[in-house]
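# Summary of the model geometry
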Amino acid sequence: MNEMNETYSIKKILELIISKLWIVILASIVGAIAAFALSKFYMPLQYQSYTSLFVKNTERQSIGANVNTYDINTARTLASTYIVVMKDDAVMKELSDALINKYGVTELSKYFTIKNDNNGEIIIPSSQLLNCITMSAVEETEVIKITAVTEDPVLSADMCNFLADIAPEFLIRVVGAGSVEEIGYADINNNPVGPNVVKNTALGFIIGLVLAVGIIFLFDFFDNTVKDKEILSERFNKPVLGEIQFFSRDKKKKKNKKKYSEFDSSPRENLLDENVPFHITESYKSLRTNLTFSLSTTDKKIIAVSSGLPGEGKSTTAANLAIALAQTDSKVLLIDGDLRRPIQHKTFEVKNKNGFSSVLGKMKELDECIQHTSMESLDIITSGPKPPNPSELLGSSRTEEILNEISEKYDYIVIDTPPVNVVSDALALNKHIAGIVLVLRYAITSYDSVADSIKKMELSDSNIMGFVINDISSKGTSYNSYKYKYKGKYDRYEYTSIVNDYEDEKEKADKEREEKEKSSSNKKKSK
């Protein structure tokens, strides 16, 4: 579950909705289409008729003589009383009998559920009749308006007329005060009044929108994956050393990012690839800078890169971190310490016949297992043959001897290690290294997984240098979106400006050289 004390600010709400805007739009459109289709093709047409009753307090009111305010107010009060009485079950039974006598049970069964009352008489339930009829006083006057809406225009008119005929005698007998007079008969209206397609479509759109937003917030509330570096850093009191955006040369992999990530390691693009975008390169340079500052307080320059679970990008991060360090002209060695599922030999396209396990098992000398890469300052030791006891090999004194020997030849050593929540291989190196960099995958790694990793590393007394959030989605928060769009523009600007500046300087230098040569030549001629 998301942080319980986290409040949803307006900014966060907007960012969350914008990040899932396509879902909101799609749900709203589906809701509108469903409501339109339901209203247009499924819901039956509704027909409306109405009639009016005039409420009188005295006989004088009927002829308009000496009518005072008191009589009018009393008539209005009687109108409200009459409406209540006319909704009574006894009145509805009278209406039911009148309808059954005219239409018969078979015909009325199309519109109502016909039942037998306690006396065995066939009736239309009062609730169903009241669902079709509305009675109200017209703008606080002495007029009562009776409206009926059914699927048959004739039935609607008959319901109004029958009720208007029943009401006067029934009201005088029950209330015993005043009287009512029917103003006119209800006409048959063959123009349907419902369903209101436009209104229902708009309502469907709104319902779809509200449901989509509600589901998005519900999923976000229960989302326990890492998406915010501030929350991550604050929760575990560890720095976020780097943020790497998702990148893949293969568009199909990019479309199936989540599926690809769960079953394999992250896409093995590295910084040696000319197609790597500028902002990816800069992200690793930023990671390199932060890590260099962290290492400034220790004599050891050996870094282990791990993750909580497989498929979170630790091998790609290790490879690119080694490349980024080597780009500073530092002598760097990358060791594939994942002796169970090695991958670095595929990343750098080198052989894996001999490697780290060969050296630790004393089957080969160290120099025989060091391979050069296309970068002059970057070497690699692959994992080598898979041993039966990887944890024991990595935790042995032989490992310490080898790492000490290597440390004298290289400025930095980066070790790609197995996930700490799966095996303990990385933890076995704790005494020989400066610390562990924990790689997390954006929107996939859960806080529970991070907590388990931290707990295991702390129990083994391993130094946790910080986190790297990998594969950050460009469709995430507006902060990330802006950040990477800006860098993309900076990328084009920077390289263009560098080329232009270089050409300008070259042209300027050529002109100055030509002027000097001319000046020198003129001086010789004058002599």
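Residues numbered from 1 in each chain as written. Predicted model: local features only at pLDDT ≥ 70, side-chain atom pairs only at ≥ 80, totals over all residues. Heavy atoms only, no water.

### Notes on the sheet that holds strand β5 (residues 143–150)
Strands in a sheet are paired, the pairing made by backbone hydrogen bonds, and the direction either parallel or antiparallel. Quick note on the threshold: A pair of strands is treated as paired once DSSP finds two or more bridges between them. In this description a helix means any DSSP run of H or I spanning at least four residues, a strand means any run of E spanning at least two, and both kinds are numbered starting from the N terminus. Interaxial angles span 0 to 180 degrees and are taken between N-to-C directions of axes, which are lines fitted to C-alpha atoms, for helices over the stretch in contact.
Here we have 4 strands laid out as an open sheet, ordered β4-β5-β1-β6, and antiparallel in their pairing. Looking at the sheet topology across the chains shown, the edges are occupied by β4 (133–137) and β6 (179–184). Between one strand axis and the next, the sheet turns by 25 degrees as a mean value, whatever way the strands run. With 5 bridges connecting them, strand β1 (residues 47–56) and β6 associate as antiparallel partners.

### Topic: the packing of helix α1 (residues 10–19) against helix α8 (residues 197–222)
Each packed pair of helices is defined by two parameters, the angle between the axes and the distance between the axes. As a reminder, the rule being used: Should an angle fall under 35 degrees it is taken as roughly parallel, and over 145 as roughly antiparallel, whereas 65 to 115 is taken as roughly perpendicular and any remaining angle as oblique. Any two residues having at least one pair of non-hydrogen atoms within 4.5 Å are treated as being in contact. In the scheme used here, Gly and all other residues not listed as nonpolar or charged are polar, with Ala, Val, Leu, Ile, Met, Phe, Trp, Tyr, Cys and Pro taken as nonpolar and Asp, Glu, Lys and Arg as charged.
Closest axis-to-axis distance for the α1/α8 pair is 10 Å, and the angle between their directions is 110 degrees. Between α1 and α8, the crossing angle belongs to the class labelled roughly perpendicular. Residues Lys-12, Ile-13, Leu-16 and Ile-17 of α1 form the contact with α8, whose participating residues are Val-213, Ile-216, Phe-217 and Asp-220. In terms of residue class, the contact of α1 with α8 is made up of 6 nonpolar, no polar and 2 charged.

### Points about a nonpolar patch on the surface
The line we're drawing: Patch membership is restricted to residues that have no salt bridge and whose relative accessible area is over 30%. Joining uses 9 Å for like charges and 5 Å for the nonpolar side chains Val, Leu, Ile, Met, Phe, Trp and Tyr. Accessible surface is estimated by sampling points in the Shrake-Rupley manner with a 1.4 Å probe; for residues, cover comes only from the protein chains shown. Any Lys or Arg side-chain nitrogen located within 4 Å of an Asp or Glu carboxyl oxygen qualifies as a salt bridge. Working definition: with a 1.4 Å probe on protein chains only, accessible area under 20% of the residue-type maximum means buried, over 50% means exposed, and in between means partly exposed.
On the surface, a cluster of nonpolar side chains totalling about 690 Å² of accessible area is made up of Leu-21, Ile-25, Ile-29, Ile-33, Phe-205, Ile-206, Leu-209 and Val-210. Those elements giving two or more residues to the nonpolar patch turn out to be α2 (21–42) and α8. Structurally, the position occupied by Ile-25 is in helix α2. By relative accessible area, Ile-25 is classed as partly exposed at 43%.

### Regarding the environment of Lys-386
With respect to the element layout, Lys-386 can be found in the loop between β11 (378–381) and α17 (390–394). Through-space distance from the C-alpha of Lys-386 to that of Gly-355 is 9.7 Å; in sequence the pair is 31 residues apart. Contact partners of Lys-386, with chain neighbours within four places excluded, come to Leu-339, Arg-340 and Pro-342.

### Focus on the nonpolar core
What counts is decided by this rule: Side-chain atoms within 4.5 Å link the members of a nonpolar core, which is a set of buried Ala, Val, Leu, Ile, Met, Phe, Trp, Tyr and Cys residues.
By size, the foremost hydrophobic cluster in this structure holds 41 residues, and its most contacted members are Leu-232, Ile-335, Ile-381, Ile-406 and Val-450. For Leu-232, the residues in contact, after removing those within four places along its chain, are Val-226, Val-240, Leu-440, Tyr-447, Val-450, Phe-467 and Ile-469. With 37 residues, the next largest nonpolar core counts Val-55, Ala-79, Val-91 and Leu-155 among its residues.

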